[in-house]
Amino acid sequence: MFILVRVISAVFEILNLLIIGRVILSWIRPNPSDMRWQKVIKFIYDATEPILGPIRELLPQGGILGIDISPLIAIFALQIIHGFIRDILISLAI
């Protein structure tokens, strides 16, 4: 059971890192036609859009003061969900 907890923790950590990577990509704006970046950008956007898209739809258009806070909300929500799942699995193992 503890192996399952570790795997789930790793998945949530990877999701958090991908969201942070997407934020960094939005700051540096690499050329999407550059073949070195194209696959990385597509992977990060494909992995994070199912999480960030619905959150962005719930927020006001343009975010707060023009800043997209959906990554912050997503990371916060992922931490809560991760803790909830982890606690359930640990209580089932005891």
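This is a predicted model, so every value here is computed, not measured.

A.B. asks: How would you sum up the overall build of the protein? Please name residues and give values.
C.D. replies: Along its length, the protein carries three helices and zero strands. Going residue by residue from the N terminus, the α and β elements of the protein occur as α-α-α. What you see for the protein is a C-alpha radius of gyration of 16 Å, clearly larger than the 12 Å of a compact globule of 94 residues, by over 25%. Each principal axis of the C-alpha atoms in the protein carries an extent, and together these give about 50 × 35 × 15 Å. Among the 94 residues that make up the protein, the fraction classed as buried is 23%. Surface summary for the protein: the accessible area is close to 6,900 Å², and the carbon and sulfur share equals 72%. Across the protein, the 8 positively charged side chains and the 7 negatively charged ones have centroids separated by 6 Å.

A.B. asks: Kindly report on the packing of helix α1 (residues 2-28) against helix α2 (residues 35-58), identifying the contributing residues and their values.
C.D. replies: For the pair α1 and α2, the least separation of the axes is 9 Å and the interaxial angle reads 110°. The angle between α1 and α2 falls in the class roughly perpendicular. Facing α1, whose interface residues are L15, L18, I19, G21, R22, L25 and I28, α2 presents W37, I41, F43, I44, Y45, A47, T48, E49, I51, L52 and R56. Classifying every residue of the contact of α1 with α2 by side-chain character gives 13 nonpolar, two polar and three charged.

A.B. asks: Describe the pattern of salt bridges, and please don't skip the residues or the numbers.
C.D. replies: Any two side chains of opposite charge can pair, so long as their charged atoms come close to each other. Going through the model one piece at a time under the given rule, you end up with five salt bridges. For R56, the salt bridge goes to D68, with nearest N and O atoms at 3.3 Å. With R56 in helix α2 and D68 in the loop between α2 and α3 (70-93), the pair connects residues that are twelve residues apart, well separated along the chain. Its relative accessible area of 38% is what places D68 among the partly exposed residues.

The rules behind each value
- Residues numbered from 1 in each chain as written.
- Predicted model: local features only at pLDDT ≥ 70, side-chain atom pairs only at ≥ 80, totals over all residues.
- Heavy atoms only, no water.
- Helix = DSSP H or I, 4+ residues; strand = E, 2+ residues; numbered from the N terminus.
- Rg over C-alpha atoms; globule rule 2.2 N^0.38 Å.
- Buried < 20%, exposed > 50% of the residue type's maximum accessible area, 1.4 Å probe, protein only.
- Areas by Shrake-Rupley, 256 points an atom, 1.4 Å probe, with all protein chains shown as cover.
- Lys, Arg positive; Asp, Glu negative; His and termini not counted.
- Charge placed at Lys NZ, Arg CZ, Asp CG, Glu CD.
- Axes fitted to C-alpha atoms, helices over the stretch in contact; angles between N-to-C directions.
- Parallel < 35°, antiparallel > 145°, perpendicular 65-115°, else oblique.
- Contact = heavy atoms within 4.5 Å.
- Nonpolar A, V, L, I, M, F, W, Y, C, P; charged D, E, K, R; others polar.
- Salt bridge = Lys/Arg side-chain N within 4 Å of Asp/Glu carboxyl O.

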